[in-house]
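Now for the letters of each chain:
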Amino acid sequence: MAKLVNVSVTGASQKNVTGADVWAATQKKAAQVVIEVTTDPKNSANEWKLIQWTGAEPVKGKPNQCAVDRDTASKVTVGIEYGKTKRTIEIWIISASIEILTDGPRPKGPAPRDTGTRDGTEKLGAVSFPTILQNGINDSIAEDDLDETHFVFSTGASGKIIAVATLKPTGVSKVIKAGWAFRRQIMARDWQDGIKITGAKTWTGTWADDTSNPRYLRLTPDDGDKIYDLDEPDLRFGRFSSETYNNFRQWVEWNGETCSEFAPWFWQAIWRAKADPAAQIELNQCDKGKIELPKAPKYPPHKTPHKTP
């Protein structure tokens, strides 16, 4: 009796996919998902001519195969009929678009921020906030008050963002609830008191991994097919000055494959030890896009001696 014996799919995966006949692949130009069937009794070319495909076109010269292009995010339902047997295969071509939020209201989906840190609000973008007494604890000295016995109240700075990835096509969260990753990289240059600060994430000359701790990620899609990340880098104080310049880029992966474009954002800030806390933050900007990282600090190493009366 003429019947379908087997249906195989290449170029797609069932890992982290719900449904016995549901497959998924990331959007990719010039790539395809290929569905191939085996027929009974002979699995011959004459039998393959009798296969009826719906939802996708047979591969030229291979009538027991059909192909689904991966160049556009979509859900494709492929029907296969041979003899008295029928089979339906769902192919999800998935992608994600990312929006970096630097202002406006906080959406409901992201993880909560750490309490008691930064400015203590849900405000996005560049924020400033009072911190601890600096002089006498971290030994910061006001440029406009040379008396080292005087305390300097310090003002902190931070760039707060929420990254929202919308998964495509609509409804993908109903069949793919796992396997998502929200990645971030950084390229940065920092100076304290005019001296270059090197580290694993600064002055590397290349993009360095800066992916969030899992507690700041929400990777199970919500009903709106969205996943979330957040970040709030802050400024380290120096004795006289501190400067930080940062470019970030974020993207989404599924099962280890990239499925979005890069979403760039930046944060840059300059702090100087001044007696007036309101005057200490001379630069504090956080927004979408990128900046040109400076080759030298605005304020070179301090050379003016401070004297204690």
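See above for the structure.
As a starting point, this report considers the structure included with it. (Residues numbered from 1 in each chain as written. Predicted model: local features only at pLDDT ≥ 70, side-chain atom pairs only at ≥ 80, totals over all residues. Heavy atoms only, no water.)

This part takes up the environment of Lys3. Mapped onto the secondary structure, Lys3 falls in strand 1 (residues 3-10). Remark: the alpha-carbon pair of Lys3 and Asp40, spanning 37 residues in sequence, is separated by 5.3 Å. When residues no more than four places from it in sequence are discounted, the contact partners of Lys3 are Thr38, Thr39, Asp40, Tyr82 and Thr85. (Helix = DSSP H or I, 4+ residues; strand = E, 2+ residues; numbered from the N terminus. Contact = heavy atoms within 4.5 Å.)

Moving on: the nonpolar core. Residues Ile176, Trp180, Phe182, Val252, Trp254 and Trp267 are the most contacted members of the largest nonpolar core, which totals 36 residues. Breaking this core down by element, the ones donating at least two residues are strand 2 (22-26), strand 8 (85-101), strand 10 (153-168), strand 11 (180-192), strand 15 (241-254), strand 17 (263-272) and strand 18 (281-288). Membership of the second largest hydrophobic core comes to 22 residues, among which are Val9, Ala12, Cys66 and Tyr82. (Core = buried A, V, L, I, M, F, W, Y, C linked by side-chain atoms within 4.5 Å. Buried < 20%, exposed > 50% of the residue type's maximum accessible area, 1.4 Å probe, protein only.)

For the bond running from Asp40 to Pro41, omega is 20°, close enough to zero to count as cis. Mapped onto the elements, Pro41 comes out in the loop between strand 3 (32-40) and helix 1 (45-48). Residue Pro169 is bonded to the preceding Lys168 through a cis peptide linkage, with omega at 0°. Mapping Pro169 onto the fold places it in the loop between strand 10 and strand 11. In the Ramachandran plot, Ala30 falls in the positive-phi region, its phi being about 55° despite a non-glycine side chain. By secondary structure assignment, the location of Ala30 is in the loop between strand 2 and strand 3. For Ala30, a relative accessible area of 86% translates into the label exposed.

What follows covers the environment of Met1. Mapped onto the secondary structure, Met1 falls in the segment before strand 1. Among the residues examined, Met1 registers a relative accessible area of 68% and is labelled exposed.

The next subject is the side chain of Thr26. Within the fold, Thr26 resides in strand 2. For Thr26, the side chain forms a polar contact with the side chain of Glu257, separated by 2.8 Å. Apart from residues lying up to four places away in sequence, Thr26 is in contact with Arg70, Ile93, Ile94, Trp254, Glu257, Thr258 and Cys259. (Polar contact = N/O pair within 3.5 Å; in protein donor to acceptor, adjacent residues only side chain to side chain.)

The side chains of a regular strand alternate, first on one face of the sheet and then on the other. Among the 14 residues in strand 15, 14 count as buried, and that is most of the element. Residues Ser241, Glu243, Tyr245, Asn247, Arg249, Trp251 and Glu253 of strand 15 are buried on one face, and the alternating residues Ser242, Thr244, Asn246, Phe248, Gln250, Val252 and Trp254, pointing to the opposite face, are buried as well. Pairing of strand 11 with strand 15, which is carried by 13 bridges, proceeds in the antiparallel orientation. Bridge pairing links Trp180 to Trp254 in strand 15. With 10 bridges joining them, strand 15 and strand 17 adopt antiparallel strand pairing. Across the sheet, Tyr245 pairs through a bridge with Gln268, a residue of strand 17. In this structure, strand 15 lies alongside strand 16 (residues 257-258), joined through 2 bridges in antiparallel fashion. The residue bridging Trp254 from the neighbouring strand is Glu257, located in strand 16. (Pairing = 2+ DSSP bridges.)

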